[in-house]
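# Structural overview for review
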Amino acid sequence: MVLQRVIRAVIMGPPGSGKGTVSARITKTFGLNHISSGDLLRSNIKEKTELGLLMKSCIDQGQLVPDGIISRLILNDLRTIDHGGWLLDGFPRTVSQAEALDQVYVVDTVINLNVPFQTIKERLTSRWTHIPSGRVYNTDFNPPKVPGIDDVTGDALVQRDDDRPETVTRRLKAYENQTEPVLEYYRSKGVLETFSGTETNKIWPHVEAFFHKKIPSLSQRAA
Ligand code: G5P
Ligand code: MG
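Quick caveat, the model's predicted, so the values are computed rather than measured. (Residues numbered from 1 in each chain as written. Chains lettered and ligands numbered in written order. Predicted model: local features only at pLDDT ≥ 70, side-chain atom pairs only at ≥ 80, totals over all residues. Heavy atoms only, no water.)

The next thing to look at is the site of ligand 1. Near ligand 1 lie 34 residues; those nearest to it are Thr21, Gln63, Arg93, Arg171 and Thr200. Contact between ligand 1 and Ser37: a nitrogen atom at 2.7 Å from a side-chain N or O atom of the residue. Calculation on ligand 1 without its partners gives an accessible area of 1100 Å², and the protein chains cover 95% of this total. Of all the secondary-structure elements, those providing two or more residues to the shell around ligand 1 are α1 (19-30), α2 (37-46), α6 (117-124) and β6 (135-138). The residue inventory of the shell around ligand 1, partitioned by class, reads 12 nonpolar, 13 polar and 9 charged. (Near = heavy atom within 4 Å. Polar contact = N/O pair within 3.5 Å; in protein donor to acceptor, adjacent residues only side chain to side chain. Areas by Shrake-Rupley, 256 points an atom, 1.4 Å probe, with all protein chains shown as cover. Helix = DSSP H or I, 4+ residues; strand = E, 2+ residues; numbered from the N terminus. Nonpolar A, V, L, I, M, F, W, Y, C, P; charged D, E, K, R; others polar.)

Okay, structure coming up:
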(Lines give C-alpha, C1' and ligand atoms only; values in the text may rest on other atoms or scores of the structure.)
(Ligands and ions follow the chains in the order given, each with its own letter.)
Protein backbone atom coordinates (compact mmCIF):
# COMPACT_ATOMS: atom_id res chain seq x y z
CA MET A 1 0.00 0.00 0.00
CA VAL A 2 1.27 3.50 -0.81
CA LEU A 3 1.21 5.96 2.09
CA GLN A 4 -0.57 9.06 0.83
CA ARG A 5 -0.23 12.63 1.95
CA VAL A 6 -3.06 14.67 0.53
CA ILE A 7 -1.61 16.40 -2.49
CA ARG A 8 -3.59 18.53 -4.90
CA ALA A 9 -1.75 18.68 -8.19
CA VAL A 10 -2.41 19.86 -11.74
CA ILE A 11 -0.59 18.78 -14.89
CA MET A 12 -0.48 21.28 -17.74
CA GLY A 13 1.03 21.44 -21.23
CA PRO A 14 -0.10 21.86 -24.82
CA PRO A 15 -2.34 19.26 -26.49
CA GLY A 16 -0.28 16.12 -27.06
CA SER A 17 2.54 17.17 -24.73
CA GLY A 18 2.17 13.88 -22.83
CA LYS A 19 -0.13 14.89 -19.95
CA GLY A 20 -2.06 11.61 -20.13
CA THR A 21 1.10 9.51 -20.48
CA VAL A 22 2.89 11.22 -17.58
CA SER A 23 -0.30 11.22 -15.45
CA ALA A 24 -0.55 7.43 -15.82
CA ARG A 25 3.03 7.11 -14.52
CA ILE A 26 2.43 9.55 -11.62
CA THR A 27 -0.75 7.80 -10.51
CA LYS A 28 0.90 4.37 -10.78
CA THR A 29 3.98 5.45 -8.80
CA PHE A 30 2.38 7.72 -6.22
CA GLY A 31 -1.20 6.44 -6.02
CA LEU A 32 -2.95 9.75 -6.71
CA ASN A 33 -6.48 9.88 -8.10
CA HIS A 34 -6.32 10.98 -11.75
CA ILE A 35 -9.06 13.15 -13.23
CA SER A 36 -8.78 14.06 -16.91
CA SER A 37 -11.26 16.65 -18.20
CA GLY A 38 -10.88 15.39 -21.77
CA ASP A 39 -11.52 11.75 -20.72
CA LEU A 40 -14.64 12.84 -18.80
CA LEU A 41 -15.95 14.77 -21.82
CA ARG A 42 -15.21 11.87 -24.20
CA SER A 43 -17.01 9.37 -21.93
CA ASN A 44 -20.03 11.69 -21.97
CA ILE A 45 -19.89 11.78 -25.76
CA LYS A 46 -19.57 7.99 -25.95
CA GLU A 47 -22.51 7.51 -23.55
CA LYS A 48 -24.50 10.09 -25.56
CA THR A 49 -25.40 12.08 -22.44
CA GLU A 50 -27.07 15.46 -22.95
CA LEU A 51 -23.82 17.18 -21.95
CA GLY A 52 -21.77 14.98 -24.30
CA LEU A 53 -24.04 15.72 -27.26
CA LEU A 54 -23.87 19.47 -26.54
CA MET A 55 -20.07 19.50 -26.20
CA LYS A 56 -19.16 17.25 -29.13
CA SER A 57 -19.09 19.90 -31.85
CA CYS A 58 -17.02 22.25 -29.67
CA ILE A 59 -14.41 19.54 -29.08
CA ASP A 60 -14.39 18.34 -32.70
CA GLN A 61 -13.69 21.92 -33.81
CA GLY A 62 -10.75 22.21 -31.43
CA GLN A 63 -12.42 24.87 -29.25
CA LEU A 64 -12.61 24.91 -25.48
CA VAL A 65 -15.99 24.05 -23.95
CA PRO A 66 -17.62 26.78 -21.77
CA ASP A 67 -15.91 27.49 -18.44
CA GLY A 68 -19.05 27.07 -16.30
CA ILE A 69 -19.86 23.62 -17.69
CA ILE A 70 -16.40 22.12 -17.33
CA SER A 71 -15.81 23.68 -13.91
CA ARG A 72 -19.06 22.15 -12.58
CA LEU A 73 -18.20 18.76 -14.08
CA ILE A 74 -14.72 18.65 -12.52
CA LEU A 75 -15.68 20.09 -9.14
CA ASN A 76 -18.52 17.55 -8.88
CA ASP A 77 -16.07 14.76 -9.65
CA LEU A 78 -13.58 16.02 -7.05
CA ARG A 79 -16.31 15.85 -4.40
CA THR A 80 -16.63 12.11 -5.02
CA ILE A 81 -12.98 11.54 -4.00
CA ASP A 82 -13.20 10.77 -0.32
CA HIS A 83 -9.55 9.98 0.36
CA GLY A 84 -6.10 10.52 -1.09
CA GLY A 85 -4.74 13.32 -3.19
CA TRP A 86 -5.53 14.06 -6.80
CA LEU A 87 -3.95 15.01 -10.09
CA LEU A 88 -6.01 17.12 -12.50
CA ASP A 89 -5.15 16.69 -16.19
CA GLY A 90 -6.55 19.23 -18.69
CA PHE A 91 -8.24 21.40 -16.06
CA PRO A 92 -7.98 24.31 -15.38
CA ARG A 93 -7.40 25.60 -18.90
CA THR A 94 -8.45 29.23 -18.49
CA VAL A 95 -7.81 31.74 -15.72
CA SER A 96 -11.53 31.74 -14.96
CA GLN A 97 -11.41 27.93 -14.40
CA ALA A 98 -8.33 28.31 -12.17
CA GLU A 99 -10.20 30.88 -10.08
CA ALA A 100 -13.24 28.59 -9.80
CA LEU A 101 -10.96 25.77 -8.55
CA ASP A 102 -9.21 28.13 -6.12
CA GLN A 103 -12.50 28.99 -4.47
CA VAL A 104 -12.83 25.38 -3.32
CA TYR A 105 -9.31 23.89 -3.12
CA VAL A 106 -5.72 25.10 -2.76
CA VAL A 107 -3.54 23.62 -5.50
CA ASP A 108 -0.04 22.92 -4.15
CA THR A 109 1.79 21.60 -7.23
CA VAL A 110 1.51 22.41 -10.94
CA ILE A 111 3.58 20.39 -13.41
CA ASN A 112 4.05 22.05 -16.80
CA LEU A 113 5.19 19.91 -19.74
CA ASN A 114 6.93 22.22 -22.18
CA VAL A 115 7.12 20.33 -25.49
CA PRO A 116 7.67 22.04 -28.90
CA PHE A 117 4.57 22.34 -31.11
CA GLN A 118 6.29 20.60 -34.06
CA THR A 119 6.93 17.48 -31.94
CA ILE A 120 3.28 17.46 -30.90
CA LYS A 121 1.86 17.60 -34.41
CA GLU A 122 3.82 14.50 -35.38
CA ARG A 123 2.69 12.57 -32.28
CA LEU A 124 -1.02 13.20 -32.51
CA THR A 125 -1.46 11.78 -35.99
CA SER A 126 -0.19 8.42 -34.70
CA ARG A 127 -2.14 8.34 -31.41
CA TRP A 128 -4.67 5.58 -30.74
CA THR A 129 -6.97 5.78 -27.71
CA HIS A 130 -9.08 3.42 -25.59
CA ILE A 131 -11.96 5.81 -24.85
CA PRO A 132 -13.55 4.08 -21.80
CA SER A 133 -10.29 4.06 -19.80
CA GLY A 134 -8.43 6.97 -21.43
CA ARG A 135 -5.40 4.71 -22.13
CA VAL A 136 -3.29 6.13 -24.96
CA TYR A 137 -0.95 4.44 -27.41
CA ASN A 138 1.25 5.66 -30.22
CA THR A 139 2.22 3.57 -33.21
CA ASP A 140 5.87 4.68 -32.82
CA PHE A 141 6.33 5.39 -29.10
CA ASN A 142 4.19 2.87 -27.19
CA PRO A 143 2.32 0.64 -29.65
CA PRO A 144 -0.36 -1.76 -28.36
CA LYS A 145 0.67 -5.45 -28.27
CA VAL A 146 -1.82 -6.16 -31.09
CA PRO A 147 -2.29 -3.28 -33.58
CA GLY A 148 -5.63 -1.49 -33.04
CA ILE A 149 -6.49 -3.43 -29.83
CA ASP A 150 -6.37 -2.26 -26.18
CA ASP A 151 -3.82 -4.34 -24.19
CA VAL A 152 -6.03 -4.62 -21.09
CA THR A 153 -9.60 -5.13 -22.34
CA GLY A 154 -9.15 -6.36 -25.92
CA ASP A 155 -11.50 -3.58 -27.13
CA ALA A 156 -10.89 -1.84 -30.46
CA LEU A 157 -8.83 1.38 -30.27
CA VAL A 158 -9.95 4.55 -32.05
CA GLN A 159 -8.35 7.73 -33.35
CA ARG A 160 -9.79 10.88 -31.75
CA ASP A 161 -11.88 13.07 -34.07
CA ASP A 162 -9.97 16.13 -32.84
CA ASP A 163 -6.56 14.68 -33.86
CA ARG A 164 -7.01 15.75 -37.52
CA PRO A 165 -4.12 18.10 -38.49
CA GLU A 166 -6.31 21.21 -39.00
CA THR A 167 -8.05 20.65 -35.63
CA VAL A 168 -4.71 20.13 -33.87
CA THR A 169 -3.63 23.57 -35.20
CA ARG A 170 -6.81 25.13 -33.71
CA ARG A 171 -6.25 23.37 -30.36
CA LEU A 172 -2.69 24.73 -30.23
CA LYS A 173 -4.03 28.28 -30.93
CA ALA A 174 -6.61 27.89 -28.13
CA TYR A 175 -3.77 26.76 -25.86
CA GLU A 176 -1.65 29.84 -26.68
CA ASN A 177 -4.51 32.30 -26.26
CA GLN A 178 -6.48 30.84 -23.35
CA THR A 179 -4.26 28.40 -21.43
CA GLU A 180 -0.79 30.00 -21.40
CA PRO A 181 -2.11 32.78 -19.10
CA VAL A 182 -2.91 30.03 -16.54
CA LEU A 183 0.83 29.21 -16.38
CA GLU A 184 1.48 32.82 -15.36
CA TYR A 185 -1.35 32.59 -12.81
CA TYR A 186 0.31 29.60 -11.09
CA ARG A 187 3.84 30.98 -11.53
CA SER A 188 2.81 34.06 -9.55
CA LYS A 189 1.55 31.75 -6.78
CA GLY A 190 4.96 29.99 -6.68
CA VAL A 191 3.62 26.49 -7.40
CA LEU A 192 4.61 26.06 -11.09
CA GLU A 193 7.37 23.60 -12.05
CA THR A 194 8.27 23.38 -15.76
CA PHE A 195 9.81 20.32 -17.46
CA SER A 196 11.07 20.85 -21.03
CA GLY A 197 11.95 18.29 -23.69
CA THR A 198 10.82 16.35 -26.72
CA GLU A 199 10.69 12.83 -25.22
CA THR A 200 8.50 11.66 -22.35
CA ASN A 201 11.04 9.03 -21.30
CA LYS A 202 13.62 11.78 -20.75
CA ILE A 203 11.19 14.14 -18.99
CA TRP A 204 9.70 11.47 -16.71
CA PRO A 205 12.74 10.83 -14.41
CA HIS A 206 12.80 14.56 -13.58
CA VAL A 207 9.06 14.60 -12.80
CA GLU A 208 9.42 11.47 -10.68
CA ALA A 209 12.38 12.92 -8.75
CA PHE A 210 10.45 16.15 -8.22
CA PHE A 211 7.49 14.28 -6.66
CA HIS A 212 9.77 12.14 -4.49
CA LYS A 213 11.54 15.24 -3.20
CA LYS A 214 8.47 17.38 -2.73
CA ILE A 215 6.43 14.78 -0.97
CA PRO A 216 8.74 12.14 0.53
CA SER A 217 5.89 10.37 2.31
CA LEU A 218 4.46 9.41 -1.08
CA SER A 219 7.50 7.32 -1.88
CA GLN A 220 7.51 5.29 1.32
CA ARG A 221 5.83 1.97 0.91
CA ALA A 222 4.21 0.29 3.87
CA ALA A 223 5.57 -3.10 4.76
P1 G5P B 1 -7.87 16.85 -23.72
O2 G5P B 1 -8.31 15.46 -23.84
O3 G5P B 1 -7.46 17.39 -22.40
P4 G5P B 1 -5.44 17.91 -24.82
O5 G5P B 1 -5.57 18.56 -26.14
O6 G5P B 1 -5.12 18.81 -23.70
O7 G5P B 1 -6.75 17.04 -24.80
P8 G5P B 1 -4.24 15.48 -25.24
O9 G5P B 1 -4.48 15.56 -26.72
O10 G5P B 1 -5.08 14.53 -24.45
O11 G5P B 1 -4.31 16.89 -24.64
P12 G5P B 1 -1.87 14.77 -23.79
O13 G5P B 1 -2.72 14.09 -22.78
O14 G5P B 1 -1.07 15.96 -23.36
O15 G5P B 1 -2.69 15.16 -25.07
O16 G5P B 1 -0.84 13.77 -24.44
P17 G5P B 1 -0.81 12.14 -24.46
O18 G5P B 1 -2.11 11.59 -24.91
O19 G5P B 1 -0.20 11.62 -23.21
O20 G5P B 1 0.28 11.96 -25.63
C21 G5P B 1 -0.04 12.29 -26.97
C22 G5P B 1 0.47 11.17 -27.89
O23 G5P B 1 1.88 11.19 -27.89
C24 G5P B 1 0.06 9.74 -27.45
O25 G5P B 1 -0.15 8.97 -28.61
C26 G5P B 1 1.29 9.24 -26.68
O27 G5P B 1 1.41 7.81 -26.71
C28 G5P B 1 2.40 9.91 -27.50
N29 G5P B 1 3.64 10.19 -26.78
C30 G5P B 1 3.82 10.55 -25.48
N31 G5P B 1 5.12 10.75 -25.23
C32 G5P B 1 5.79 10.51 -26.38
C33 G5P B 1 7.16 10.55 -26.78
O34 G5P B 1 8.08 10.83 -25.99
N35 G5P B 1 7.45 10.26 -28.07
C36 G5P B 1 6.47 9.95 -28.99
N37 G5P B 1 6.84 9.66 -30.24
N38 G5P B 1 5.16 9.88 -28.66
C39 G5P B 1 4.83 10.17 -27.39
O40 G5P B 1 -9.00 17.84 -24.25
C41 G5P B 1 -9.68 17.57 -25.47
C42 G5P B 1 -10.72 18.66 -25.71
O43 G5P B 1 -11.67 18.66 -24.64
C44 G5P B 1 -12.07 19.99 -24.32
C45 G5P B 1 -11.42 20.89 -25.37
O46 G5P B 1 -12.30 20.98 -26.46
C47 G5P B 1 -10.17 20.08 -25.74
O48 G5P B 1 -9.65 20.43 -27.01
N49 G5P B 1 -11.61 20.31 -22.96
C50 G5P B 1 -11.81 21.48 -22.34
N51 G5P B 1 -12.43 22.62 -22.72
C52 G5P B 1 -12.45 23.65 -21.81
N53 G5P B 1 -11.87 23.58 -20.61
C54 G5P B 1 -11.24 22.45 -20.19
N55 G5P B 1 -10.66 22.40 -18.96
C56 G5P B 1 -11.19 21.34 -21.06
N57 G5P B 1 -10.66 20.10 -20.96
C58 G5P B 1 -10.91 19.49 -22.12
MG1 MG C 1 -4.79 13.67 -22.60
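So, about the nonpolar core. With 31 residues, the main nonpolar core has Ile74, Leu78, Leu88, Leu101, Val110 and Tyr186 as its most contacted residues. At the level of secondary structure, the elements contributing two or more residues to this core comprise β1 (8-12), α2, α3 (50-60), α4 (67-79), β3 (86-89), α5 (95-102) and α7 (165-188). Dropping the residues within four chain positions of it, Leu78 is found in contact with Ile35, Trp86, Leu88, Leu101 and Tyr105. Within the second largest apolar cluster, 22 residues are counted, among which are Leu87, Leu113, Leu172 and Trp204. (Core = buried A, V, L, I, M, F, W, Y, C linked by side-chain atoms within 4.5 Å. Buried < 20%, exposed > 50% of the residue type's maximum accessible area, 1.4 Å probe, protein only. Contact = heavy atoms within 4.5 Å.)

Direction vectors running N to C along α2 and α3 enclose 115 degrees, while the axes themselves pass 8 Å from each other. Both α2 and α3 take part in a crossing whose hand is left-handed. Here Leu41, Asn44 and Ile45 of α2 lie close against α3, whose contacting residues are Leu51, Gly52, Met55, Lys56 and Ile59. For the contact of α2 with α3, the residue count by class is 5 nonpolar, 2 polar and 1 charged. (Axes fitted to C-alpha atoms, helices over the stretch in contact; angles between N-to-C directions. Left-handed = near helix turned anticlockwise from the far one by under 90°.)

A word on the sheet that holds strand β4 (residues 109-114). With respect to topology, 5 strands assemble into an open sheet ordered β2-β3-β1-β4-β7, the strand pairing being parallel. Looking at the sheet topology across the chains shown, the edges are occupied by β2 (33-36) and β7 (192-196). Within this sheet the neighbouring strands show an average axis-to-axis angle of 20 degrees, counted without direction. Across the sheet, α7 is in contact with β1, β4 and β7; its angle to β1 comes to roughly 145 degrees. (Pairing = 2+ DSSP bridges.)

By themselves, these are just geometric observations and shouldn't be taken as functional.
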